[in-house]
Amino acid sequence: MLTGIKAAIIGGDARQLEVIRKLTELDARLYLVGFDQLDHGFTGATKMDLDELPISELDALILPVSGSGPNGEVETIFSNKKIQFTEEFLKKTKKDCTVFSGISNPYLTGCTNGAGRKHIKLFERDDVAIYNAIPTVEGTIMMVIQNTDFTIHQSNIAVLGFGRVGFTVARTFANLGANVSVGARRSEHIARITEMGFRPFYLSNLENEVDAVDVCINTIPAPIITSNVISKIPSHTLIIDLASKPGGTDFRFAEKRGIKAMLAPGLPGIVAPKTAGKIIANVLTQLLMEERNMGKG
Ligand code: NAP
């Protein structure tokens, strides 16, 4: 149970509803900022504005998956009121108050470092990234179906990157009957790709690997699908770029060549907000319990 824990949930999207549900079920005391348009009420959770928070009593500040915008603005889909996150605000919390977000940016990291508060970025954790790969791949399948006039079965699909998302993308599309090739840069990845029955290639050779590709799915957050690569891609090829913004594709050049290329951020929150929210809620619960136990020890 989380009895005695006080946490503020500041902004977010439908995924935070699962977080609120789970934490209130476990008896945490929650303060919801940026939820004034949310009709649903939760026992143990009170809606308020940022300046009304009992700030010095909070054990945790839970920000949206995105953390904040580049200048500290916190997004919420449940309110029209602006929420501004600042270092000054954070400094008013107790020293052992922990900040949680999915990812971070220089502004947010500057605030948490400046205020000397612990900041846990949930999406940097392997467990969260692996669980999150499941709805990400389901969303990718949806996008491929919506944007092609051929079946996934028997189509040539190139997956770029063999990390937590790339691995699941490759396996799932192969299970749907696609001919999957996977590009990686590490020899141990090439070995694993081979072992799993996919066609491996080194990314350094990408330009020579795309001439028969029907769908190219990128998971590498670096410029990888360059104009050189795009110039070798057939005109019917669909590029789905899953990597975090700005993606790894030269979108301008793809458009110039008439190749459909799409950046597809935040798929878990779009196709399965409930599941995506549960993934966050489960790990948050575990972490809050650990933090409390450490405090007691
Ligand atoms: P990951 O486990 O770190 O995997 C990243 C892969 O990219 C690894 O294979 C890595 O290779 C490779 N890579 C990184 N930089 C490279 C470079 N400069 N050149 C060649 N290869 C490079 O990350 P992940 O969890 O799979 O996530 C992948 C991306 O998808 C991230 O940007 C993440 O934010 C994003 N994402 C998007 C969604 C969505 O809905 N669109 C959902 C979840 C995640 P090495 O192992 O050799 O370094």
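About the cut-offs
- Residues numbered from 1 in each chain as written.
- Predicted model: local features only at pLDDT ≥ 70, side-chain atom pairs only at ≥ 80, totals over all residues.
- Heavy atoms only, no water.
- Axes fitted to C-alpha atoms, helices over the stretch in contact; angles between N-to-C directions.
- Helix = DSSP H or I, 4+ residues; strand = E, 2+ residues; numbered from the N terminus.
- Parallel < 35°, antiparallel > 145°, perpendicular 65-115°, else oblique.
- Left-handed = near helix turned anticlockwise from the far one by under 90°.
- Contact = heavy atoms within 4.5 Å.
- Nonpolar A, V, L, I, M, F, W, Y, C, P; charged D, E, K, R; others polar.
- Phe/Tyr/Trp six-rings, centres within 6.5 Å; stacked < 30°, edge-to-face > 60°.
- Buried < 20%, exposed > 50% of the residue type's maximum accessible area, 1.4 Å probe, protein only.
- Pairing = 2+ DSSP bridges.
- Near = heavy atom within 4 Å.
- Polar contact = N/O pair within 3.5 Å; in protein donor to acceptor, adjacent residues only side chain to side chain.
- Areas by Shrake-Rupley, 256 points an atom, 1.4 Å probe, with all protein chains shown as cover.
- Domains from an automatic or database assignment.
- Salt bridge = Lys/Arg side-chain N within 4 Å of Asp/Glu carboxyl O.

**Some thoughts on the packing of helix α4 (residues 126-146) against helix α5 (residues 164-175)**
It is the contact of α4 with α5, at a shortest axis distance of 8 Å, that shows an interaxial angle of 45°. Between α4 and α5, the crossing angle belongs to the class labelled oblique. Where α4 crosses over α5, the two elements pack in a sense that is right-handed. Facing Asp126, Ala129, Ile130, Ala133, Thr136, Val137, Thr140, Ile141 and Val144 of α4, the residues of α5 in contact are Arg164, Val165, Thr168, Val169, Thr172 and Phe173. Here the contact of α4 with α5 is composed, by residue class, of nine nonpolar, four polar and two charged.

**Comments concerning the packing of aromatic side chains**
Taken as a whole and judged by the stated rule, the model has three aromatic pairs. Here Phe35 and Phe78 contribute two aromatic rings whose centre-to-centre distance is 5.2 Å and whose plane-to-plane angle is 20°, an arrangement assigned as stacked. Highlighted residues: Phe35 in the loop between β2 (29-33) and β3 (45-48) and Phe78 in the loop between β4 (60-62) and α2 (87-91), separated in sequence by 43 residues. Judged by centre distance (5.7 Å) and plane angle (70°), the ring pair of Phe85 and Phe89 falls under edge-to-face. Accessibility assignment for this pair places Phe85 and Phe89 in one class, buried.

**Some words on the sheet that holds β3**
The strand order across the open sheet built from six strands is β3-β2-β1-β4-β5-β6, with neighbouring strands paired in parallel fashion. Because the sheet does not close on itself, it has two edges, and the strands there are β3 and β6 (119-121). Recorded for the sheet is a direction-independent mean angle of 20° between the axes of neighbouring strands. As paired strands, strand β5 (residues 98-101) and β6 are joined by three bridges and run parallel to one another. When the bridges of β6 are listed, Phe100 appears paired with Ile120.

**Side note on the site of the ligand**
In the vicinity of the ligand there are 22 residues, among which Val165, Arg185, Arg186, Ala264 and Leu267 approach most closely. Contact distances for the ligand include 3.0 Å between an oxygen atom and a backbone N or O atom of Arg164. Within the backbone of Leu242, one N or O atom sits 3.0 Å away from a nitrogen atom of the ligand. Contact with the protein chains hides 74% of the accessible area of the ligand, taken as 940 Å² for the molecule alone. Elements with a contribution of two residues or more to the shell around the ligand: α5 and α9 (267-271). Here the residues of the shell around the ligand sort into 12 nonpolar, seven polar and three charged.

**Quick word on the domain arrangement of the protein chain**
Partitioning the protein chain into structural domains gives domain 1 (6-124 + 272-293) and domain 2 (128-265). Once you take the C-alpha centre of each, domain 1 and domain 2 turn out to be 33 Å apart. The tally of links between domain 1 and domain 2 comes to zero salt bridges. The tally of links between domain 1 and domain 2 comes to zero residue pairs in polar contact (both at pLDDT 80 or more).

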